[in-house]
Amino acid sequence: MKIQPLSLNIKNKEDTLEFIEDEFDIEKYRIHPDQNIEIKPPVLIIEQNGEQFILMTEGSSSMLQGKAKSKKTTLLKGIAVAVSSGRFKNLISSYHRNQVGLVDTEQDEEDCWYSVRQIQALSQGRVIDYFSVPELSIEQRKKLVEEYLKSTPNCGLIILDNIAHFVKSFNSEEECAELIQWINKTKKIYKVHFLLILHENKSDGNYNAKGHLGTMLEQNCQTIIRLEEVKSDSRKSIVMPKAMRKRKFEKFIITFDQFGNPEFEDYDEDDYKPLRI
C-alpha cells in the first residue's frame, strides 16, 4: 500500500494540507508475526558466575554515563580490547566484525596517542581506529563517522566520546531528536553498534545523564551503564547496569594498575555504600 503523505502548509497563517510528491510505502515498515527476522548477533558479552549477559548487539546503541573522572575512559579501553581481540578479563566478544572505531571530541593528540598505544598493547597488537576531533564542527564529525563506516565494513563498534559534542545544546529538543535520528539511521545502514559516552549532571544525588539529550538517549539505548566513583577510594568506581533490555549483569569494581591499565574487581555490598540507580 503506497500513500502520498500530507504535510502542513501554514503560509499566510492559513493551515492547509497538501500532498508531498514522493510516494511513501508503509509496507516497508510493517512487522508481520510470521515473517523471518534475523536475530542480531551480540557484539559484547560479560561473563559472571558462569552466566553470560549480553551488553551490546549488532545495529543497536548503548550508553556509558557517569560524572567526570568516574573511569569511563578506563572502561572504554577494556571494551575496545575485548571487541577487537576477543576477550578482556570477563568481557567477551566473538563478533566477526571486530574492528573498533573511536571518535574522541575531548582529549588532545598526546592523550589519544597514549590511549591507542595502551589498547594496542592489551589486545596483542590489534590496532583500533582512533580519531581526535576537538577542532572539527558538528557536521564534520558526523561526516567523519559516515565516511569511516563506509570505508571500513569490518567495523562492528563505533564509540563516540563525548556524544554531547555532536549537538550545540544538549537541552535543545530539536537538535537532540535530529542527532538520535542520525544515529538510528547510521547504525541501520552500516549494522554497527554505537557506544555513546555522556557525562552526568554535576550536582550530588543527581544520577541523570546530561540534559534533554540524556533523557532521549535513555529511551533509545539498548544498554545504559553507570559508573560512580567510590568515595573512600578515588582510584575505584562501581560499574552498574542502569537500564538494560536484556538481563542485568551484577555490579563490579573498575580500577587501574600503575600503568593505567583497566582492572576489574568483585563488588561486595559490605565494602561499599549501596547506591541508588
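Here the residue numbering is sequential within each chain, running from 1 through the sequence in written order. Reporting of local features is limited, given that this is a predicted model, to residues whose pLDDT is at least 70; pairs of side-chain atoms are given and counted only at 80 or more, and all residues count toward the totals for whole chains, interfaces and linings. Side-chain metrics in this entry use all non-hydrogen atoms of the structure; hydrogen atoms and water are not considered.

Before going further, it helps to examine the overall build of the protein. From N to C terminus, the protein includes five helices and 17 strands. Residue burial in the protein is summarised as follows: out of 277 residues, 47% are buried. Two residues form a contact once any of their heavy atoms are found within 4.5 Å. Long-range contacts, defined as pairs at least 24 residues apart, comprise 62% of the intrachain contacts of the protein with a sequence gap of at least 6. Each helix is a run of H or I in the DSSP string that is no shorter than four residues. Each strand is a run of E no shorter than two, and both are numbered from the N terminus. Note on exposure labels: buried denotes an accessible area under 20% of the residue type's maximum, exposed denotes more than 50%, and partly exposed covers the range between, all computed with a 1.4 Å probe on protein chains only.

A separate point is the sheet that holds strand 8 (residues 87-88). In this description, strands pair whenever DSSP reports at least two bridges between them. Spatially, 6-5-9-8 is the arrangement adopted by the four strands of the open sheet, whose pairing is antiparallel. Only two strands of the sheet have a single neighbouring strand rather than two, namely strand 6 (51-57) and strand 8. Pairing of strand 8 with strand 9 (residues 91-92) involves two bridges; the strand directions are antiparallel. Each bridged residue has a counterpart across the sheet, and for Arg87 the counterpart in strand 9 is Ile92.

On to unusual backbone geometry, then. In this structure, the amide linkage connecting Asp161 to the following residue, Asn162, adopts the cis form with an omega of 25°. Within the secondary structure, Asn162 sits in the loop between strand 12 (155-161) and helix 4 (173-190). Backbone geometry at Asn49 places phi at a positive 50°, although glycine is not the residue there. Looking at the secondary structure, you find Asn49 in the loop between strand 5 (42-48) and strand 6. Its identity is not glycine, yet Gln124 carries a phi of approximately 55°, on the positive side. The topology assignment puts Gln124 in the loop between helix 2 (109-122) and strand 11 (129-132). Its relative accessible area of 67% is what places Gln124 among the exposed residues.

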